Amino acid sequence: MAAWQLPDDFRCPISLEIMTDPVILSSGHTFDRASIQRWLDSGHRTCPITKLPLPKHPSLIPNHALRSLISNFALSSLPPAKPHPPSFQQDPHALVSTLTSRSSDIASKLDCLSRLVKLAKRDPASRRRLSESGTVSVVLRCIDSDDPVMQEKALSLVLNLSLDDDNKVGLVAEGAIGKIVAALRGNFASCRALAATIITSLAVVEVNKALIGEYPFAIESLIALLTDGNGREKKEAATALFAICSFSDNRKRAVASGAVPILLSIADSGLERAVEVLGLLAKCKEGREVMASGRMGVAVRKEGVLEDCWRLVEDENEKIRRNASNLVQVLGGDCSMR
């Protein structure tokens, strides 16, 4: 697929090129890492879009949800062999009506969901039309489906709708968190991974971090994926925990739910995101106490987690470096020795 066919949201606001490594600035806006790093290296300390001041050492947080969307969009956006009439394809109301009709069979509903996903991928205006057409409440009900394909398509639509900050708030207001947590605890691996990715996307809005953390079994379900999930599930769950644990109360909840020993065990398998989450948990007293316990300290050295920390101390992302350095000190290392 040619780059010009991809939605404008996938382009960096600075370079206007399709982003290959999207990162989130503290202003909440996303840029390609290379472009925003050049901006910062030139001495700028304001957001290129809002012009508001930035911290002295701005953090660049990987936008894994958007990166996944860009990749999936490029791979899957092929034209249908036998398209519906243009009016049907473009009218969200018609698609939603078919999706909710009792006379529609499962094949028709799946086709409607696929078309709604393509509309959501297009641009902010299309996503606004979908939100205004009542799509959100309908697609959230589809997440309850026992059909794994329907549930996965519904989750994919929610993920695409969550690209816009207004929709992140609107989705939560419509009850999305409960549906997403249910999918995290469901029977379908691909749906569990998608649900974790949606948590990451929703958590870009600060108030959502608190709401997600407060929701029953939300944090526990992500931690369960770290233990029982496949490789993709573990990666997405760790990324979601990293996103929501920037909110201090969620760090305490994660520690209380037994996150520390599980993160230590999977960090040894090469999942660096687990070490980054541990760095956040080390910021709270409860997390430091668990990590500093004698039995836990032995496990840390045995599993080589400190070595992973040392690698992250040299990461190009300043926030990750800071968290890793903090974690090294909690685990008994000495940053001055390297």
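Residues numbered from 1 in each chain as written. Predicted model: local features only at pLDDT ≥ 70, side-chain atom pairs only at ≥ 80, totals over all residues. Heavy atoms only, no water.

Draft legend 1. Spatial organisation of the overall build of the protein. When you go through the protein residue by residue, the secondary structure sums to 21 helices and 3 strands. Scored against the burial criterion, the 338 residues of the protein give a buried share of 48%. Put simply, the protein shows about 15,700 Å² of open surface, and 53% of that area lies on carbon and sulfur atoms. (Helix = DSSP H or I, 4+ residues; strand = E, 2+ residues; numbered from the N terminus. Buried < 20%, exposed > 50% of the residue type's maximum accessible area, 1.4 Å probe, protein only. Areas by Shrake-Rupley, 256 points an atom, 1.4 Å probe, with all protein chains shown as cover.)

Draft legend 2. Here's a closer look at the packing of aromatic side chains. Tallied over the entire structure, the rule returns 0 aromatic pairs. The ring of phenylalanine 242 is capped by arginine 273, whose NZ or CZ atom sits 4.5 Å from the centre of that ring. (Phe/Tyr/Trp six-rings, centres within 6.5 Å; stacked < 30°, edge-to-face > 60°. Lys NZ or Arg CZ within 6 Å of the ring centre and 35° of its normal.)

Draft legend 3. Fine view of the side chain of serine 35. Along the polypeptide, serine 35 turns up in helix α1 (residues 33–41). The class of serine 35 is buried, set by a relative accessible area of 4%.

Draft legend 4. Summary view of the packing of helix α4 (residues 92–100) against helix α5 (residues 106–122). Taken N-terminus to C-terminus, the directions of α4 and α5 make an angle of 150°; their axes are 9 Å apart at the nearest point. Compared by their axis directions, α4 and α5 come out roughly antiparallel. Helix-helix and strand crossings are classified by hand; for α4 and α5 the assignment is left-handed. In this structure, α4 uses Pro92, Leu95, Thr98 and Leu99 to contact α5, whose residues at the interface are Ser108, Lys109, Cys112, Leu113, Arg115, Leu116 and Leu119. (Axes fitted to C-alpha atoms, helices over the stretch in contact; angles between N-to-C directions. Parallel < 35°, antiparallel > 145°, perpendicular 65-115°, else oblique. Left-handed = near helix turned anticlockwise from the far one by under 90°. Contact = heavy atoms within 4.5 Å.)

Draft legend 5. Inspection of the sheet that holds strand β1 (residues 22–24) at higher detail. With respect to topology, 3 strands assemble into an open sheet ordered β2-β1-β3, the strand pairing being antiparallel. For this open sheet the edge positions go to β2 (30–32) and β3 (61–62), each flanked by a neighbour on one side alone. (Pairing = 2+ DSSP bridges.)

Draft legend 6. The arrangement of the nonpolar core in detail. Counting residues in hydrophobic clusters, the biggest one holds 90 residues, and the most contacted among them are Leu157, Leu222, Ile244, Leu263 and Leu281. Looking at which domains feed residues into this core, each of domain 1 (10–62) and domain 2 (261–337) gives three or more. Among residues more than four places away in sequence, those in contact with leucine 157 are Leu113, Leu116, Val117, Ala120, Leu130, Thr135 and Val139. (Core = buried A, V, L, I, M, F, W, Y, C linked by side-chain atoms within 4.5 Å. Domains from an automatic or database assignment.)

Draft legend 7. Seen up close, the packing of helix α16 (residues 259–267) against helix α17 (residues 272–281). Viewed as axis vectors pointing N to C, α16 and α17 meet at an angle of 150°, and their least axial separation amounts to 9 Å. When the axis of α16 is compared with that of α17, the two are roughly antiparallel. Classified by chirality, the crossing of α17 by α16 is left-handed. When α16 is examined against α17, the residues Ala259, Val260, Leu263, Leu264, Ile266 and Ala267 are found in contact with a partner set consisting of Ala274, Val275, Val277, Leu278 and Leu281.

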